[in-house]
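Chain residues, written in single-letter form:
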Amino acid sequence: MDYESIKNYKNTILEKLNNELNNYIENETILISTFLIIRFKKLSFLILEKKEKIYNIIENYLKNNEIIKEINDINIENNFFDELIDDINNTNGEFKNYLNDNNFTKETEPLIWWNFNKTKYPVLFSLAKKYLIIPATSIVDERENSKLGNTITKIRNKLSPNHAILINFLSCNNDFW
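Worth saying up front: this structure is predicted, and the values here are computed from it rather than measured.

Q: Before we go on, may I ask you to explain the side chain of Asp-101 in this structure?
A: Here Asp-101 is to be found in the loop between helix H6 (91–100) and helix H7 (110–116). Take Asp-101: its relative accessible area is 6%, and that puts it in the buried class. A distance of 2.8 Å separates a polar side-chain atom of Asp-101 from the backbone nitrogen of Asn-103. At 3.2 Å, the side chain of Asp-101 and the side chain of Lys-120 are in polar contact. The contacts of Asp-101, once residues within four sequence positions are left out, are Lys-41, Trp-113, Lys-120 and Tyr-121.

Q: How do you make sense of the nonpolar core when you look at a structure like this?
A: Counting 25 residues, the largest nonpolar core has Phe-35, Leu-36, Ile-58, Tyr-98, Trp-114 and Leu-124 as the members making the most contacts within it. Elements that contribute at least two residues to this core include exactly helix H2 (28–35), helix H3 (48–63), H6, H7 and helix H8 (122–131). The dominant element in this core, judged by the number of residues it contributes, is H8, at 6 residues. In this structure, Leu-124 is in contact with Phe-35, Leu-36, Ile-58, Leu-62, Glu-94, Phe-95, Tyr-98 and Trp-114, ignoring residues within four places of it in sequence.

Q: Got a minute to help me understand the packing of aromatic side chains in this structure?
A: Pairs of aromatic rings are described using the distance from one ring centre to the other and the angle between the two planes. A full pass over the atoms with the stated rule returns 10 aromatic pairs. Here Tyr-55 and Phe-95 contribute two aromatic rings whose centre-to-centre distance is 5.4 Å and whose plane-to-plane angle is 80 degrees, an arrangement assigned as edge-to-face. Of this pair, Tyr-55 sits in helix H3 while Phe-95 sits in helix H6, and the two are 40 residues apart along the sequence. Between Trp-114 and Tyr-121 the ring centres are 6.3 Å apart and the planes differ by 75 degrees, which places this aromatic pair in the edge-to-face class. An aromatic cluster is present here, built from Phe-35, Tyr-55, Phe-95, Tyr-98, Trp-113, Trp-114 and Tyr-121 joined pairwise through their rings.

Q: Quick question: what am I supposed to make of the pattern of salt bridges here?
A: Pairing between side chains of opposite charge can happen when their charged atoms approach one another. A full pass over the atoms with the stated rule returns 2 salt bridges. Between Glu-28 and Lys-53 there is a salt bridge, with the nearest N and O atoms lying 3.1 Å from each other. Linking Glu-28 in helix H2 with Lys-53 in helix H3, this pair joins segments that are 25 residues apart in sequence. Classification of Glu-28 as partly exposed rests on a relative accessible area of 31%. The shortest N-O distance in the salt bridge between Lys-120 and Asp-101 comes to 3.2 Å.

What counts, and at which threshold
Residues numbered from 1 in each chain as written. Predicted model: local features only at pLDDT ≥ 70, side-chain atom pairs only at ≥ 80, totals over all residues. Heavy atoms only, no water. Helix = DSSP H or I, 4+ residues; strand = E, 2+ residues; numbered from the N terminus. Buried < 20%, exposed > 50% of the residue type's maximum accessible area, 1.4 Å probe, protein only. Polar contact = N/O pair within 3.5 Å; in protein donor to acceptor, adjacent residues only side chain to side chain. Contact = heavy atoms within 4.5 Å. Core = buried A, V, L, I, M, F, W, Y, C linked by side-chain atoms within 4.5 Å. Phe/Tyr/Trp six-rings, centres within 6.5 Å; stacked < 30°, edge-to-face > 60°. Salt bridge = Lys/Arg side-chain N within 4 Å of Asp/Glu carboxyl O.

This is the structure in structure tokens:
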């Protein structure tokens, strides 16, 4: 067995994997989305400088959030609302509390977790809604387009575009009917 060729093969695979990982590590959208998945929030796979950069981006979002600005613009003289505004303005506390929150398991579904904790972390929840709706793959779209191709055939070539779309919609959502 040629150990040198095996070693070269392993190094080639490792180099390609590192290049691919570096592409993901440079993408801030991916890293913010990863931070919002509770079990990966510590970003332990990143070097310290990159982790601090992502944390700063999120902290700046928390400080500049439109919800906070709108609440601050409301001029209310009620102690209850003053306390509420103080809580919402304490976004640094929200960030730190999120980092220290251990109320999850490895199997915790991020969207379910965020729905359950949306009142505990309201500003981070708005960020999660923004980033966690991005589909990881286009497989679902491709599958649905493939179904549309099966709907419009040589025999069914006279279907109007609206009818074809309607048939495809009903086919894709037949579990709900």
